[in-house]
Amino acid sequence: MKLGVCYYPEQWSEDIWKQDAAEMVAAGIEWVRIGEFAWSRYEPNPGEYQWEWLQRSLDILGDAGLKVVLGTPTATPPKWLMDQHDDIIAVDEAGNPRNYGSRRHYCFSSETYRTHCRRIVTEMASKFGKHPAIKAWQTDNEYGCHDTILSYSTMALEGFREWCRDRFNDDISALNTAWGNVFWSMEFRDFDEIELPNLTVTESNPAHRLDFWRYSSGCVASYNKLQADILREYSPSLDLIHNYMGNFTDFDHHDVQADLDIASWDSYPLGFLDWSTYNEQEKRQWMRTGHPDFAAFHHDLYRGVGKGRWWVMEQQPGPVNWAPHNPSPLDGMVRLWSWEAFAHGAEVVSYFRWRQAPFAQEQMHSGLKRPDNVDDQGMLEAKQTASEVQLLMSQSTTEADSTHMHKEVAFIFDYVSDWSLRVQPQGNNYNPLHWAISIYTACRKVGVNVDILPPHADLTGYATIVIANQQLEHDGLLQSLKSSDAQIILGPRSFSKTQQYQIPKTLAPGSLQSLIPLKVVRVESLADFWSDDVNKLNASNQQSLTVKRWREFVETDLAPKYKSADGWGLAYQHNNIHYINACLEQDSLNLLLQEILLNNDALTVKPCLGGLRQQKIGKWQFFFNYGPEEQSLPNHRQLVLGTHNLAQGELAICLNEK
Amino acid sequence: MKLGVCYYPEQWSEDIWKQDAAEMVAAGIEWVRIGEFAWSRYEPNPGEYQWEWLQRSLDILGDAGLKVVLGTPTATPPKWLMDQHDDIIAVDEAGNPRNYGSRRHYCFSSETYRTHCRRIVTEMASKFGKHPAIKAWQTDNEYGCHDTILSYSTMALEGFREWCRDRFNDDISALNTAWGNVFWSMEFRDFDEIELPNLTVTESNPAHRLDFWRYSSGCVASYNKLQADILREYSPSLDLIHNYMGNFTDFDHHDVQADLDIASWDSYPLGFLDWSTYNEQEKRQWMRTGHPDFAAFHHDLYRGVGKGRWWVMEQQPGPVNWAPHNPSPLDGMVRLWSWEAFAHGAEVVSYFRWRQAPFAQEQMHSGLKRPDNVDDQGMLEAKQTASEVQLLMSQSTTEADSTHMHKEVAFIFDYVSDWSLRVQPQGNNYNPLHWAISIYTACRKVGVNVDILPPHADLTGYATIVIANQQLEHDGLLQSLKSSDAQIILGPRSFSKTQQYQIPKTLAPGSLQSLIPLKVVRVESLADFWSDDVNKLNASNQQSLTVKRWREFVETDLAPKYKSADGWGLAYQHNNIHYINACLEQDSLNLLLQEILLNNDALTVKPCLGGLRQQKIGKWQFFFNYGPEEQSLPNHRQLVLGTHNLAQGELAICLNEK
Amino acid sequence: MKLGVCYYPEQWSEDIWKQDAAEMVAAGIEWVRIGEFAWSRYEPNPGEYQWEWLQRSLDILGDAGLKVVLGTPTATPPKWLMDQHDDIIAVDEAGNPRNYGSRRHYCFSSETYRTHCRRIVTEMASKFGKHPAIKAWQTDNEYGCHDTILSYSTMALEGFREWCRDRFNDDISALNTAWGNVFWSMEFRDFDEIELPNLTVTESNPAHRLDFWRYSSGCVASYNKLQADILREYSPSLDLIHNYMGNFTDFDHHDVQADLDIASWDSYPLGFLDWSTYNEQEKRQWMRTGHPDFAAFHHDLYRGVGKGRWWVMEQQPGPVNWAPHNPSPLDGMVRLWSWEAFAHGAEVVSYFRWRQAPFAQEQMHSGLKRPDNVDDQGMLEAKQTASEVQLLMSQSTTEADSTHMHKEVAFIFDYVSDWSLRVQPQGNNYNPLHWAISIYTACRKVGVNVDILPPHADLTGYATIVIANQQLEHDGLLQSLKSSDAQIILGPRSFSKTQQYQIPKTLAPGSLQSLIPLKVVRVESLADFWSDDVNKLNASNQQSLTVKRWREFVETDLAPKYKSADGWGLAYQHNNIHYINACLEQDSLNLLLQEILLNNDALTVKPCLGGLRQQKIGKWQFFFNYGPEEQSLPNHRQLVLGTHNLAQGELAICLNEK
Ligand SMILES: [Zn+2]
Ligand SMILES: [Zn+2]
Ligand SMILES: [Zn+2]
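If you're wondering where the values come from, they're calculated on a predicted model, not measured in any experiment. (Residues numbered from 1 in each chain as written. Chains lettered and ligands numbered in written order. Predicted model: local features only at pLDDT ≥ 70, side-chain atom pairs only at ≥ 80, totals over all residues. Heavy atoms only, no water.)

Caption draft 1: Main features of the interface of chain B and chain A. The partner chain A presents 45 residues to the 58 residues of chain B that form the contact. Where chain B abuts chain A, roughly 4400 Å² becomes buried across the two surfaces, and 54% of that area is made up of carbon and sulfur atoms. Ranking the residues of chain B by area buried against chain A places B:His325, B:Gln361 and B:Met364 at the top, with a combined share of 15%. Our enumeration of links across chain B and chain A arrives at 5 salt bridges. With a shortest N-O distance of 2.5 Å, B:Arg288 and A:Glu524 are connected by a salt bridge. At the boundary of chain B and chain A, one finds 27 residue pairs in polar contact (both at pLDDT 80 or more). Sorting the residues of the side of chain B that touches chain A by element identifies helix H2 (39-42), helix H4 (79-84), strand S5 (97-98) and helix H11 (280-285) of chain B as the ones contributing at least two each. Taken together, the residues of the side of chain B that touches chain A break down into 22 nonpolar, 20 polar and 16 charged. (Contact = heavy atoms within 4.5 Å. Buried area = accessible area lost by both parts, 1.4 Å probe. Salt bridge = Lys/Arg side-chain N within 4 Å of Asp/Glu carboxyl O. Polar contact = N/O pair within 3.5 Å; in protein donor to acceptor, adjacent residues only side chain to side chain. Helix = DSSP H or I, 4+ residues; strand = E, 2+ residues; numbered from the N terminus. Nonpolar A, V, L, I, M, F, W, Y, C, P; charged D, E, K, R; others polar.)

Right under this line is the structure:
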């Protein structure tokens with residue numbers, strides 16, 4: 001539980017560098033990230049490096065006692081490099097170049113760009129790899145930001161053809177069969193005939209698109225590995241980090257993370273809410289706090305990506321500039337957001353940014369300090385957080401006291417399935433990530449800790465396993481489930497496609513039919529104007545749930561738990577296996593999950609009212625109130641911080657019951 | 001009244017071909033369409049044909065007693081052909097190529113592509129033109145699907161220049177005058193200066209766009225003729241068919257049909273509803289049945305296109321994959337849709353498709369069989385339909401008993417006027433096809449048979465003639481109307497432009513002023529937030545109608561039938577001629593048409609309540625209930641099938657009164 | 001107070017030219033504009049001029065006693081010219097050419113096009129510069145129409161690089177510093193490295209975009225000057241005019257006007273309303289009258305641009321063709337619109353157009369005459385207006401009686417700030433022009449005369465100065481305000497950026513802090529679903545106002561006048577300086593402005609109910625009723641025209657109180 005900050009010495013007069021460092025230390029900040037956008041200052045002309053200013057900056061920060069994360073500057077190649085080469089620029093789906101003038105103007109498939117990345121990273125690492133202030137490296141910045149994973153360049157075309165050749169062992173008929181190219185005479189005679197799946201007259205082959213996505217994701221991993229390998233060589237003992245994003249799944253983060261030590265993400269609760277697919281009522285309700293489960297979902301996701309080691313690299317400190325609307329956070333939220341991250345196991349929460357820049361694109365993005373160098377609200381809350389962390393640490397005797405995460409619910413989230421669901425959503429109101437977060441929300445509403453894990457994860461020790469978005473059959477996951485005696489909840493569309501994006505021979509849920517005897521024989525996607533209620537069967541309380549957007553018709557001898565007026569059944573159970581064969585409204589989904597989880601004796605289920613949320617870590621239990629109504633804490637042990645009644649934006653820390 | 005099915009032997013193991021054929025026959029299916037997407041299997045490499053598998057498939061189908069429609073594969077040219085030539089690809093309005101990777105990736109103006117079509121069709125026809133299983137040919141597939149009629153390629157530019165040269169007799173000043181090019185200095189000095197009407201700074205000349213549409217439509221006709229001529233040569237006795245689409249008017253279907261024998265269309269009631277411009281309430285109301293008048297409109301339209309001979313080539317058998325949302329049809333609708341087609345005179349209703357494919361773009365499109373080869377709901381309903389057809393046929397003594405269409409209302413629909421109304425709709429909420437269907441609906445709500453005919457059709461024998469969308473003056477139609485003593489109903493905008501898209505010298509309704517003494521001196525288009533009520537004059541019942549979207553101000557000595565509070569008058573009559581000078585809400589339009597048609601003693605008007613609809617053919621009268629409320633049949637003769645009270649999705653067949 | 005009309009002799013048979021001229025004179029029309037789209041008739045082939053027809057037309061018009069405004073034809077270069085040169089066409093932001101086929105298909109940066117403009121204007125001016133019928137010249141037509149100011153051509157790129165080199169004195173580091181290019185490594189090493197700010201991966205640098213806008217605006221001014229210089233040389237005594245547009249601010253009109261004598265604009269109240277950002281309720285309310293303040297805003301704006309001399313060059317005479325919907329105006333509105341213009345000081349109101357053309361793009365645009373040459377409603381109202389003008393003139397003894405504008409409120413509108421606010425609106429529901437008009441509306445609702453002026457204007461003599469949209473610090477304006485003892489009202493965002501689009505060192509309102517002691521330390525933009533009420537402090541009446549879209553948090557010792565429940569304060573005053581630190585709903589803004597202006601003893605404030613509006617000119621006071629409810633006149637002097645009670649669309653003229 002440490003605080004950090006993002007800092008851009010190159011953007012300020014050298015006169016104030018020392019004072020900045022001193023103020024950081026005084027504020028309780030221990031980490032500072034620098035350097036990731038400064039290529040034009042590192043190498044102002046081709047091959048002419050200027051490292052002196054960076055040396056001076058590192059010396060000042062290090063002398064002040066700060067630990068530095070140094071970023072490689074490859075998210076913003078300078079103009080002269082773009083002018084030297086015309087095979088660096090990415091191309092969008094419409095075939096237009098994505099030119100120089102902002103950032104991320106490179107294609108991951110460009111070998112030329114990789115050559116230059118290798119060069120600049122080697123130069124930096126060889127110069128500074130042993131600088132005592134540097135304690136970690138960050139590779140590049142926010143891979144994929146501004147929709148930059150899928151590039152339709154000629155470099156990508158060549159790379160994809162080679163990738164296909166490898167995947168299908170140089171057998172083009174294997175590819176044709178796997179993709180079903182006989183449909184519409186889409187058969188290729190050779191890998192060199194393959195095109196990128198854009199600019200077609202109508203929808204291109206979904207299997208083609210899914211494999212292009214796999215290829216593109218792999219490019220991010222190999223690009224990141226190229227940098228990681230160099231940094232490891234020069235700084236073998238330092239942690240390697242990348243700062244991922246929220247609401248972003250365009251590459252498989254587990255693959256990229258394989259070459260890194262710590263996962264981090266950039267958390268902007270208000271900006272992400274405005275960008276999100278939450279409806280207007282939800283956006284209004286949470287406009288000054290962020291949605292209570294959105295950041296938490298990502299904390300749990302990136303803890304899984306980082307195999308336990310994770311940071312918030314950029315924490316929103318006040319209003320941002322880049323969302324459609326940029327309201328001011330409620331006072332106290334910067335502190336609350338920081339603590340929510342710590343409660344989920346963040347090693348560091350680092351604010352973006354130290355001081356608001358008065359120029360360029362993000363000049364309306366607040367910092368801990370205002371452009372006139374006066375402390376802003378975020379600074380006050382950062383300082384409060386720092387002193388509260390100190391208090392908590394003083395009560396921890398072992399490291400585990402503040403870092404141990406309790407295994408309760410394993411939540412399987414598969415990046416590849418997220419792509420496959422987007423390739424062919426079958427219903428234009430179906431957003432697979434939003435739906436996954438909706439299931440996550442239902443779990444979190446009953447107060448359990450959730451670990452978001454990939455399908456290949458070890459699932460031992462969990463009381464419940466939720467299959468959130470696993471559209472593609474997955475042998476490893478199937479084996480894990482077969483050997484588990486946990487409660488298993490399968491969401492709709494589970495295992496409804498093979499890895500090659502075909503319908504399984506036995507229909508959905510494919511090989512999961514070995515776990516639960518049912519078969520999905522028809523599905524339907526439904527416009528937003530449609531919803532239908534289902535009623536609980538054989539129950540004294542006539543609980544009713546509302547189904548929306550998606551229904552599956554199953555063939556089974558199992559009895560459904562709910563039925564609609566037209567006889568359609570919802571929710572099946574076979575021993576420890578539950579199958580949810582529809583999408584539901586959030587409140588209904590909450591009720592259904594609560595009903596299932598309450599039946600699990602191995603779980604401690606404590607429903608959360610309104611905007612109240614809980615999270616357990618080590619010896620602590622946290623309560624956060626995002627909602628407008630005051631909430632009193634449910635049963636809890638000794639209060640360490642805060643009060644029994646939480647107003648909006650307040651938090652409490654208790655001793656954990658376990 | 002025969003059933004058929006669309007089948008893709010190339011997509012399945014040859015092992016099950018025989019069983020498939022046997023099951024088709026057992027289901028009561030007599031026709032099977034194959035082959036229209038298989039070019040890559042016919043000619044896997046340039047000039048290397050592989051016809052053996054097709055021969056085996058035809059033999060199996062023919063041996064089973066099935067009649068085959070063989071499709072030419074030109075909707076999906078293979079990759080190697082596209083790689084050979086860069087002058088095949090179509091170009092969209094924004095100037096982007098419409099590349100290989102799905103289907104219909106060719107430009108109708110490409111002479112190169114025509115050469116290759118000529119080659120492949122000649123090869124197929126010479127090989128199989130006399131195969132005993134083949135009873136008909138289909139040319140290409142769904143001309144224009146995915147917005148592929150208007151292509152802005154250099155081939156189209158060259159073709160259009162020649163077309164203009166012909167149309168204006170090599171006199172460029174005639175073109176300049178016709179288009180009014182003096183406006184904004186758009187005058188050309190030579191036909192080679194003409195450009196395509198896209199990528200202009202603001203709206204290009206509407207006359208220019210209309211003529212480009214005429215040119216493009218003509219390209220479809222000549223492209224189809226090229227194939228038809230070859231097929232006639234090798235199969236002089238077989239019927240030639242094309243499968244047209246719903247909600248699609250981008251080319252003049254009568255021109256294409258001139259070279260064919262049977263018109264067919266592909267009927268997807270649920271998909272089309274979701275794609276349509278019906279409002280949300282209507283989409284919700286009919287989401288599982290389709291709109292009660294939408295398929296019927298197309299049945300009547302394509303019966304006119306086929307001069308009486310028409311099929312449904314593709315009938316939706318369950319949920320589809322391609323609409324924004326894809327709900328499951330109400331059980332019974334596949335049967336009802338089939339019967340609605342037969343009631344309108346369809347010779348064959350052919351389901352798309354035999355078995356759901358587990359791969360590629362349409363893997364979520366249901367078939368009569370599921371991907372696991374089990375019968376789906378559609379199969380059950382197809383079988384029921386087949387046995388009911390048999391029952392009906394057993395009661396028919398002459399062919400006319402089940403095929404004669406009774407002449408009641410002639411409904412004039414002009415493709416060229418549809419384009420002219422879209423070129424300059426004057427009101428962005430004005431969809432001319434939707435408005436035409438709205439008038440059709442009003443006619444159908446009073447239970448009359450409607451023939452949808454082109455303006456050059458013979459109109460003798462009809463009790464009523466409705467001019468639905470004839471914006472362009474048409475001499476032939478004017479003569480037909482002059483010589484008719486039928487009731488004539490002129491819709492708004494009738495004859496409001498010359499064939500060259502100019503305002504007639506005497507203003508609208510142009511030469512129709514010889515039939516009714518009024519002149520439209522001002523029009524206005526109105527946003528959806530506007531509507532106004534008009535009240536019936538000189539009537540005991542104070543009926544009020546609601547006007548929307550479009551009003552015309554007329555100069556006339558005739559008295560209007562209705563007036564608004566601000567003095568504007570609606571609906572004029574002069575002898576047998578009615579002029580409706582506005583758009584109305586559907587319910588109001590229904591009332592107005594009912595009022596007019598009730599006054600026609602030559603018509604039997606029986607208003608339909610709710611979702612009930614009627615259609616007469618031969619000795620039968622059909623009743624269909626699309627609506628949720630049960631409906632009892634109005635006065636009718638002996639019931640042959642069904643009951644007196646129809647629940648949603650049910651139908652009844654009676655002996656016809658006539 | 002004269003009437004005029006726009007006329008296109010080249011579009012009509014020469015047979016009726018004389019009759020047209022005679023009818024114009026009979027209608028009371030004195031001015032006629034011709035010729036601005038006729039290049040293809042002036043020079044049908046390269047270098048082959050045909051001036052005879054123009055000569056004949058001018059002779060006829062002149063002989064009839066009409067005064068001609070002759071337009072240069074450069075808005076519509078002919079096809080042969082576009083074919084000669086590929087360096088004329090403009091390029092849109094997506095990189096696509098904006099081709100020939102409509103109008104304005106040229107790039108202001110094209111030197112080639114300027115050469116040809118120089119040639120054709122010189123030819124015209126030398127031929128006709130002394131023709132006795134010509135009393136004024138119009139340059140080109142509607143600069144910028146169809147979004148044609150910002151062009152992303154290679155010509156623009158070259159021009160912009162030179163412009164930057166000049167602006168930054170050949171010092172690229174000065175540019176890098178001014179734009180803050182260190183952010184994201186956007187630094188250039190040379191002016192030749194600068195790119196245009198389009199097609200970037202994400203938002204390009206706002207300072208870059210603002211300077212590109214300055215460059216583009218400057219191109220319009222130099223392009224206009226090129227023509228003006230030639231016209232001056234050949235017609236030194238004639239007035240030079242350009243016809244500007246409504247709702248259009250893409251170039252600095254004051255810069256263009258510097259080379260002209262009279263400003264004019266093209267006023268289409270109904271079309272502009274439908275195009276505007278008014279909400280649906282407002283669009284419905286004013287659909288047949290136009291918004292009561294929209295034309296008035298532009299009248300006052302262009303009077304300022306023309307330094308007192310201005311016309312309406314094109315006045316809507318009936319329904320138009322080009323808006324999304326084109327309703328018919330309420331009878332009487334053509335007269336009312338004409339008088340509203342005269343009340344604001346228009347020298348001429350000229351109708352567009354004489355006779356509706358039956359062909360080409362605008363064939364549905366009405367004229368004073370219908371296509372069949374019958375007088376339309378607009379003609380009747382023009383004639384009525386002409387005779388009423390005569391009546392009024394008969395009562396004026398000095399010119400000032402009908403032309404003197406009373407100084408009351410100076411309203412500062414800065415074109416450059418309008419661009420800067422659009423470059424980075426910080427809130428996608430923030431339309432800076434709409435907000436400025438909203439403030440204007442609030443002033444007009446209290447019945448004061450408003451002069452809309454640029455920030456460099458002389459502000460002496462005004463009772464109140466309103467700073468409407470001055471986002472950029474402006475030294476000249478600051479000096480004017482410092483030396484003024486007028487009531488000064490500063491809107492939100494005032495002086496919140498430097499001229500180089502940076503945050504002022506002392507934060508907003510920058511150098512205005514020398515006038516009022518407050519500092520904006522945080523801003524927020526808010527979605528439309530948000531609003532909040534603020535209540536008046538220390539007041540007997542608990543007036544409440546509604547804040548929307550934008551709030552500023554200020555640091556000050558001043559007390560706010562209003563406070564929200566969460567403690568945020570609205571509206572500060574320091575001596576004669578008011579600062580409004582938020583956006584408000586229109587009704588609330590009206591109340592707030594009324595409250596402030598009522599406190600100004602130097603102003604005569606008379607609130608207007610409903611759709612009633614007032615304007616004073618010379619010895620007259622005008623009342624107009626745009627609203628549906630009848631309004632009786634407030635206190636007034638002797639009635640000269642009209643009645644005491646005005647129905648919708650009626651007007652009254654009284655003797656002015658002053
Ligand atoms: Zn290089
Ligand atoms: Zn060839
Ligand atoms: Zn030239």
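Continuing now.
Caption draft 2: View of the coordination of the zinc ion (ligand 3). Residues and elements named next belong to chain C. Surrounding the zinc ion (ligand 3) are the protein donor atoms His85 (NE2) and His116 (NE2), which sit 1.9 to 2.2 Å from the metal. Within this pair, whereas His85 is found in the loop between helix H4 (79-84) and strand S4 (90-91), its partner His116 is found in helix H5 (residues 111-128), the two being separated by 31 residues in sequence. With relative accessibility at 23%, the residue His85 sits in the partly exposed group. Taking relative accessible area as the criterion, His116 reaches 12% and is therefore assigned buried. (Donors = N, O, S within 2.8 Å, 3.2 Å for Na, K, Ca; no water. Buried < 20%, exposed > 50% of the residue type's maximum accessible area, 1.4 Å probe, protein only.)

Caption draft 3: View of the interface of chain A and chain C. Taken together, the contacts link 58 residues of chain A with 45 residues of chain C. When chain A packs against chain C, close to 4400 Å² is buried across both sides, 54% of that on carbon and sulfur atoms. It is A:His325, A:Gln361 and A:Met364 that lose the most area in chain A upon contact with chain C, and together they represent 15% of the buried surface on that side. Between chain A and chain C we count 5 salt bridges in total. For the salt bridge of A:Arg370 with C:Glu555, the shortest nitrogen-to-oxygen distance reads 2.7 Å. Taken together, the elements giving at least two residues each to the side of chain A that touches chain C come down to helix H2 (39-42), helix H4 (79-84), strand S5 (97-98) and helix H11 (280-285) of chain A.

Caption draft 4: Representation of the relation of the copies chain A and chain C in the model. Laying chain A over chain C is done by rotating through 120 degrees and shifting 0.0 Å along the axis; what remains is an RMSD of 0.0 Å. Taken together, the rotation angle and the small translation identify this as a three-fold axis. (Least-squares fit on C-alpha atoms with pLDDT ≥ 70 in both.)

Caption draft 5: How the structure looks around the side chain of C:Thr72. All names here are of chain C. Within the element layout of this structure, Thr72 appears in the loop between strand S3 (67-71) and H4. By relative accessible area, Thr72 is classed as buried at 0%. Here Gln227 takes part through its side chain, which lies 2.7 Å from a polar atom of the side chain of Thr72. Ignoring any residue separated from it by four or fewer positions in sequence, one finds Thr72 in contact with Glu36, Val121, Met124, Trp137, Gln138, Thr139, Asp140, Gln227 and Leu231.

Caption draft 6: Examining the sheet that holds strand S9 (residues 310-315) of chain B more closely. Residue and element names in this part refer to chain B. Pairing in this closed barrel of 8 strands is parallel, and the strands run S1-S2-S3-S6-S7-S8-S9-S10 around the ring. Between one strand axis and the next, the sheet turns by 25 degrees as a mean value, whatever way the strands run. Its contacts with the sheet place helix H12 (residues 294-305) against strand S7 (239-244), strand S8 (262-267) and S9, and it is angled at close to 160 degrees to S8. (Pairing = 2+ DSSP bridges. Axes fitted to C-alpha atoms, helices over the stretch in contact; angles between N-to-C directions.)

Caption draft 7: Spotlight on the pattern of salt bridges. Residues and elements named next belong to chain A. Under the defined criterion, the tally for this structure stands at 128 salt bridges over all chains. One salt bridge in this structure joins Glu43 and Arg119, with 2.7 Å as the shortest N-O distance. With Glu43 in the loop between H2 and helix H3 (52-63) and Arg119 in helix H5 (residues 111-128), this residue pair connects regions lying 76 residues apart in the sequence. Arg119 sits in the partly exposed class, given a relative accessible area of 24%. Note that Arg444 is salt-bridged to Asp293, the shortest N-O span being 2.7 Å. Within this pair, whereas Arg444 is found in helix H17 (residues 432-444), its partner Asp293 is found in the loop between H11 and helix H12 (294-305), the two being separated by 151 residues in sequence. Among the charged side chains, a network of salt bridges with common partners joins Glu162, Arg165, Asp170, Asp190 and Asp192.

Caption draft 8: Local environment of the UniProt feature "binding site: substrate" (unreviewed entry) in chain A. Residues and elements named next belong to chain A. According to UniProt, the "binding site: substrate" (unreviewed entry) feature falls on Arg103, Asn141 and Trp322. Within the secondary structure, Arg103 is located in the loop between S5 and H5. Overall, Arg103 belongs to the buried group, its relative accessible area being 7%. Excluding residues within four positions of it along the chain, Asn141 makes contact with Arg33, Glu36, Phe37, Ala75, Arg103, Arg104, His242, Asn243 and Glu314. A distance of 3.4 Å separates the side chain of Asn141 from the side chain of Gln138, its partner in a polar contact. (UniProt positions renumbered as here; feature names shortened; annotations may be inferred.)

Caption draft 9: Examining the sheet that holds strand S14 (residues 487-490) of chain A more closely. All names here are of chain A. Taking strand neighbours across the sheet as the criterion, the 6 strands line up as S12-S11-S13-S14-S21-S20 in an open arrangement whose pairing is mixed. Strand pairing shows two members of the sheet lacking a second neighbour, strand S12 (450-453) and strand S20 (572-574), which therefore form its edges. Averaged over all adjacent pairs, the angle separating strand axes in this sheet is 20 degrees, with direction ignored. Judged from the 3 bridges that link them, S14 and strand S21 (residues 577-579) form a sheet pairing that is parallel. For Leu490, the partnering residue across the bridge sits in S21 and is Tyr579. Along the sheet, helix H18 (residues 475-482) contacts strand S11 (409-412), strand S13 (464-467) and S14; its crossing angle with S13, the most-contacted strand, is approximately 150 degrees. Seen against the sheet, helix H19 (residues 586-598) touches S13, S14 and S21 and runs at an angle of roughly 160 degrees to S14.

Caption draft 10: Looking closely at helix H17 (residues 432-444) of chain C. All names here are of chain C. Look at H17: 18 Å from first C-alpha to last across 13 residues, which is about the 18 Å you get at 1.5 Å a residue. Across the 13 residues of H17, 12 count as buried, placing the element largely inside the fold. Buried within H17 we find Pro432, Leu433, Trp435, Ala436, Ile437, Ser438, Ile439, Tyr440, Thr441, Ala442, Cys443 and Arg444. Two to three positions downstream of the cap, the backbone nitrogen of Leu433 sits 3.1 Å from a side-chain oxygen, assigning the N-cap of H17 to Asn431. (Expected span 1.5 Å × (residues − 1).)

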